[in-house]
Amino acid sequence: MENNRRNHKISFRMNEEEYEIFMDKFLKSKSDSQGKFIRRMLLNGIVLHFDEDKAKTAFRLISNIANNINQIAVRVNSTGNIYAEDISEIKRDINELWRQQRYFQSELQKLRQ
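Worth saying up front: this structure is predicted, and the values here are computed from it rather than measured.

Draft legend 1. Quick peek at helix α3 (residues 52-79). When the terminal C-alpha atoms of α3 are compared, their 40 Å separation across 28 residues agrees well with the 40 Å that a helix rising 1.5 Å per residue should span. Every buried residue belonging to α3 is among A55, A58, L61, I65, N68 and I72, and all of these are buried. After α3 finishes, the residue G80 shows a positive phi value of roughly 85°.

Draft legend 2. Broad picture of the pattern of salt bridges. A complete count under the given rule lists five salt bridges for this structure. The residue K36 makes a salt bridge to D32 at a minimum N-O spacing of 3.1 Å. Look at D32 and you get exposed, because its relative accessible area is 65%. The residue D86 makes a salt bridge to R75 at a minimum N-O spacing of 2.1 Å. Here D86 is found in helix α4 (residues 84-112), whereas its partner R75 is found in helix α3, with eleven residues between them in sequence. Under the relative-accessibility criterion, D86 is labelled buried at 16%.

Draft legend 3. A look at the packing of aromatic side chains. Applying the stated criterion to the full structure yields five aromatic pairs. Taken together, a centroid distance of 6.2 Å and an interplanar angle of 10° make the contact between F22 and F26 stacked. Within this pair, F22 and its partner F26 are both found in helix α1 (residues 16-29), separated by four residues, close to a single helical turn. Relative accessible area serves as the criterion here: at 11%, F22 is assigned to the buried category. F26 gets classed as buried once you look at its relative accessible area, which sits at 11%. What links up through ring pairs into an aromatic cluster is the set Y19, F22, F26 and F37.

Draft legend 4. Spatial organisation of unusual backbone geometry. Positioned with a positive phi, K30 is a non-glycine residue whose angle comes to about 60°. Inspection of the secondary structure assignment puts K30 in the loop between α1 and α2 (34-44).

Draft legend 5. Highlighting a negative patch on the surface. A surface patch of negative charge is lined by E16, E17, E18 and E20. Classification of E18 as partly exposed rests on a relative accessible area of 41%.

Draft legend 6. Quick peek at the environment of Q109. With respect to the element layout, Q109 can be found in helix α4. A sequence separation of 20 residues divides Q109 from E89, and the C-alpha atoms of the two residues are 30 Å apart.

Draft legend 7. Structural detail: the side chain of Q100. Here Q100 is to be found in helix α4. Since its relative accessible area comes to 5%, Q100 is described here as buried.

Analysis parameters
- Residues numbered from 1 in each chain as written.
- Predicted model: local features only at pLDDT ≥ 70, side-chain atom pairs only at ≥ 80, totals over all residues.
- Heavy atoms only, no water.
- Helix = DSSP H or I, 4+ residues; strand = E, 2+ residues; numbered from the N terminus.
- Expected span 1.5 Å × (residues − 1).
- Buried < 20%, exposed > 50% of the residue type's maximum accessible area, 1.4 Å probe, protein only.
- Salt bridge = Lys/Arg side-chain N within 4 Å of Asp/Glu carboxyl O.
- Phe/Tyr/Trp six-rings, centres within 6.5 Å; stacked < 30°, edge-to-face > 60°.
- Patch = residues over 30% accessible without salt bridge, like charges linked within 9 Å, V, L, I, M, F, W, Y side chains within 5 Å.
- Areas by Shrake-Rupley, 256 points an atom, 1.4 Å probe, with all protein chains shown as cover.
- Lys, Arg positive; Asp, Glu negative; His and termini not counted.
- Charge placed at Lys NZ, Arg CZ, Asp CG, Glu CD.

Here you go:
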């Protein structure tokens, strides 16, 4: 910053819970002053919008894969048979899970730029 003079003042209010969260983060930051901490967060921080629906889809896929594997293991242990349909269903779910994972990676990469 060329002009180091700070001529503008911003003031805002917090409720007790917000203030406690702020103070906890401020103390953990080991920053010299609250103003310095707020400026650092404001100027260098990021605004993150997290799509919970996409995350829920990924978690659901993980759960489906785990359940399918457990069912296959029980069947194989009891009958000794494994079915191609079971394997193809797991492969389909894993491919979808990879697609979701690539989406999250690309979104995180955007934040780094």
